[in-house]
Amino acid sequence: MTTQVTETKVQRVERLKREKNPWEGLEEIRRFARSGFDSIPPEWLGTYFRWWGVYTQGDGAGVIGGKNGEGRALPYFMVRIRIPGGLLTSDQLSAIANATERYARATADLTVRQNIQLHWVTIADLPDLLDTLWGAGLTTKGSCGDDTRNIIGCPLAGVDHEELLDASAILLEANRFFEGNPDFYNLPRKFKITITGCRNWCTYPEINDVGLTAIRRGAETGFSLRIGGGLSTDPHLAVRLNAFVQQHQVVPVLKGVAEIFRESEVLRENRERARLKFLFLKHRWTADTFQSELENRIGFHLDHAVPETPPDDVYRDHVGVHRQKQPGLFYVGAAVLRGRISAQQMRTAAELAAQFADNQVRTTNMQNLLIVNVPEQNVHALANGLAAAGLPVAGSPFWRGAIACSGSEFCKLAITETKSFSRWVVEELEERLPEFDQDLKLHVTGCPNSCGQHWIADIGLEGKKIKSEGRMQDAYYFCLGGAVGLHQGIARPIGYRCLASEVPDAVERLLRHYLDQRAPGENLRKFFARHSDVQLREYLAGKFVPVAERDPASGRVPHLVEG
């Protein structure tokens, strides 16, 4: 008698990846478009499309009503556009705007990895959308899937008067190496890189698989190297290696790290533990262990690290009007509330960049939009044009500091709706606390997987469900005091949760205590650090409340996770 062995989900995904490089399947996608949604086989819907930055879209209920930890899908797709370093021309932004209007119901989202994300794309339109993007010099390749995701960099590269290095050329070289590279399509899971020449680490190297940050060694500028950062349900801040990476060594080092990741069999055993960080979290690797393996692989020793000083509580949303290092030129940053942007807003921004600047537009990982190289005499007209389009260059700390993931509106893994909720919370807090004057990172994520990066926020809200009035309703769990840079630390789960409808009340109470009790020069991070969980819970609730368990989600970690 033959014994039939049941294939696990992990085994199935690994088998599918071995059997096909999805980037070689473009003609299959075109055939699906001709034959209709029902012709698409499960292996494409569940796996291969992701290498093209394409996912099935949820039905608006998120994970609720689905099964096996995933909600029901509609016959529509989310499509994520890869934008290395956030670097765009006005023509490219116009092309995205036109495509958004034609194929995606005129609405898009800026993501926390400088991508632009579309929704409501049909299989019939997908090939035309891809062709349109390619015609503008853009691609969706590798913006999802088990490959190298969009490589992010400081959106002020080349214009920041304090930067150590304009790293954009190095970043684009690395992107050319990895984008569509068949040697690296089959990684255990996603692989995230940041390369920045700025002093303030605005791209969060602490939470990337590889973080390269510019540093000076005498007259030479190279990079510090961090490995293994990531958030999701098991947050881990990257470890710094004892390495000074010279500029010409960047791509060989990145290739070596990717090879270590690709060839790690222990990271293919469990998709929930398939990130590089788990070598440190679960497999007892250290910085020395990793560096030794890396140097053996690349065939040369890295120079020893030089002392560095991480940025000290620097807030970089890049919003506002600021001088560049080029005399007479400015950059203008528009605050895109929760990253939601319309086709018309993108088209207006592109037209303004062409009319009043030199056609350069940049996206940020705080979901904002910049126009650079604006002559001083054009600043006022450009800023007014952005504001008239609903893209203000100034705003309250709440407006500027709000980050939100896709939420249950589109994501099959989300527990709560986030985008409309975030806007409502911001509007409530602006009305209630007009005197609030501090920088604030208020991050909303619709499930424990931290697409909204709540673990590094001042106030991080993690989506939950609470039974109230006989039905399950959206709720949020509070995590406070996250930070990157010199005072890096994961936000503390405080043990407090409440209905979504009660969140503005809770945040107002908390921030009023801060305004009333703060010491001179004390920011939110310091204030939270000197108070206990019990005190902070009481501030949020307005009374003593017992600890509420965080209740992390079970089941697999989704491909959709950005953080």
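Residues numbered from 1 in each chain as written. Predicted model: local features only at pLDDT ≥ 70, side-chain atom pairs only at ≥ 80, totals over all residues. Heavy atoms only, no water.

> Kindly report on the overall build of the protein, identifying the contributing residues and their values.
Counting its regular elements, the protein contains 16 helices and 19 strands. Expected size for 563 residues packed as a compact globule is a radius of gyration near 24 Å; at 23 Å, the protein falls within 12% of this value. Dimensions of the protein, computed from C-alpha atoms along their principal axes, come out at roughly 75 × 65 × 50 Å. By sequence separation, contacts in the protein at least 24 residues apart represent 69% of the contacts at least 6 residues apart. Split by element, the accessible area of the protein, about 21100 Å² in all, is 48% carbon and sulfur. (Helix = DSSP H or I, 4+ residues; strand = E, 2+ residues; numbered from the N terminus. Rg over C-alpha atoms; globule rule 2.2 N^0.38 Å. Contact = heavy atoms within 4.5 Å. Areas by Shrake-Rupley, 256 points an atom, 1.4 Å probe, with all protein chains shown as cover.)

> Please set out unusual backbone geometry residue by residue, giving values where relevant.
A positive phi angle, near 75°, is found at N359, a position not held by glycine. Structurally, N359 is set in the loop between α10 (343-356) and β13 (360-363). Of note in the backbone geometry, S450 takes a positive phi value of approximately 65° without being a glycine. Here S450 shows up in the loop between β16 (442-445) and β17 (459-468).

> Help me get a handle on the side chain of Q114, residues and values and all.
Considering the arrangement of structural elements, one finds Q114 in the loop between β4 (107-110) and β5 (116-121). Here G153 takes part through its backbone oxygen, which lies 3.0 Å from a polar atom of the side chain of Q114. What Q114 contacts, discounting residues up to four positions off in sequence, is I83, G85, G86, N150, I152, G153, P155, T363, T364 and N365. (Polar contact = N/O pair within 3.5 Å; in protein donor to acceptor, adjacent residues only side chain to side chain.)

> Give a description of the confidence of the model for the protein that names residues and reports values.
The predicted model of the protein has a mean per-residue pLDDT of 95, with 97% of residues at 70 or higher. Low pLDDT, under 50, characterises residues 553-563; the stretch is placed with 42 contacts to residues that sit more than four places away or in other chains. (pLDDT = per-residue confidence, 0-100.)

> Summarise helix α4 (residues 90-103); cite the residues concerned and give the values.
An ideal rise of 1.5 Å per residue puts 20 Å on 14 residues; α4 measures up with 20 Å between its terminal C-alpha atoms. Within the span of α4, buried status applies to S90, Q92, L93, S94, A95, I96, A97, A99, T100 and Y103. Note on α4: the residue one or two positions beyond its end, R105, has a positive phi of about 55°. (Expected span 1.5 Å × (residues − 1). Buried < 20%, exposed > 50% of the residue type's maximum accessible area, 1.4 Å probe, protein only.)

> How would you sum up helix α13 (residues 419-432)? Please name residues and give values.
Across its 14 residues, α13 extends 20 Å between first and last C-alpha, which sits within 8% of the 20 Å expected from 1.5 Å per residue. Within α13, burial applies to K419, F421, S422, V425, V426 and L429. Seen along its axis, α13 keeps its buried residues to an arc of 155°; they face one direction. (Arc of directions from axis to C-beta.)

> Quick rundown of the state of the cysteines? Include the residues and the values.
Tallying each qualifying case throughout the model produces zero disulfides. A disulfide-free cysteine, C198 has its sulfur positioned 3.9 Å from the sulfur of C202, the nearest such atom. A residue is classified by how much of its surface remains accessible, and C198, at 1% relative accessible area, is buried. (Disulfide = S-S within 2.5 Å.)

> Before we move on, could you go through the pairing of β13 and cite the residues and values that matter?
In this structure, strand β3 (residues 87-89) lies alongside β13, joined through three bridges in antiparallel fashion. Paired with L88 across the bridge in β13 is V361. Looking at chain direction, β13 and strand β14 (residues 369-375) are connected through three bridges and run antiparallel. Considered in β14, the bridge of V361 is made with I371. Counting the residues between successive antiparallel strands, the hairpin from β13 to β14 contains five residues, one of them, Q367, with a positive phi of roughly 65°. (Pairing = 2+ DSSP bridges.)

> Pulling in residues and values, what's your account of the packing of α10 against helix α11 (residues 379-388)?
Contact pair α10 / α11: the axes reach a minimum separation of 10 Å and the direction vectors enclose 175°. Considering their axes alone, α10 and α11 lie roughly antiparallel with respect to each other. On α11, the residues that touch T348, A349, L352 and F356 of α10 are A381, L382, G385 and L386. Looking at the contact of α10 with α11, its residues break down into six nonpolar, two polar and no charged. (Axes fitted to C-alpha atoms, helices over the stretch in contact; angles between N-to-C directions. Parallel < 35°, antiparallel > 145°, perpendicular 65-115°, else oblique. Nonpolar A, V, L, I, M, F, W, Y, C, P; charged D, E, K, R; others polar.)

> Let's hear about the packing of aromatic side chains: which residues, and what values?
Taken as a whole and judged by the stated rule, the model has 24 aromatic pairs. Between F436 and Y514, the ring centres sit 6.2 Å apart and the planes meet at 55°, which makes this aromatic pair tilted. In this pair, F436 is assigned in the loop between α13 and β16 and Y514 in helix α14 (residues 503-517), connecting sequence segments 78 residues apart. Exposure class is identical for F436 and Y514. Each is buried. Three or more aromatic residues joined by ring pairs form one cluster here, namely F32, F37, W44, Y48, F49 and F77. (Phe/Tyr/Trp six-rings, centres within 6.5 Å; stacked < 30°, edge-to-face > 60°.)

> So what's going on with the sheet that holds strand β15 (residues 402-404)? Which residues, and what values?
Taken in spatial order, the five strands make up an open sheet running β15-β16-β17-β18-β19, and their pairing is mixed. On the outer flanks of this sheet lie β15 and β19 (492-499), each paired with one strand and no other. Strand-to-strand twist across the sheet, computed as the mean angle between neighbouring axes with direction ignored, equals 30°. Taken together, the four bridges between β16 and β17 define a ladder with parallel strand orientation.

> Break down the pattern of salt bridges for me, citing the residues and quoting the values.
Scanning the entire structure with this criterion turns up 41 salt bridges. Of the charged contacts, one joins R432 and E428 as a salt bridge, the two residues approaching to 3.0 Å between their closest N and O atoms. Highlighted residues: R432 and E428, both in helix α13, separated by four residues, approximately one helical turn. The closest approach of N and O atoms between K464 and E462, which form a salt bridge, is 2.7 Å. Exposure class is identical for K464 and E462. Each is buried. (Salt bridge = Lys/Arg side-chain N within 4 Å of Asp/Glu carboxyl O.)

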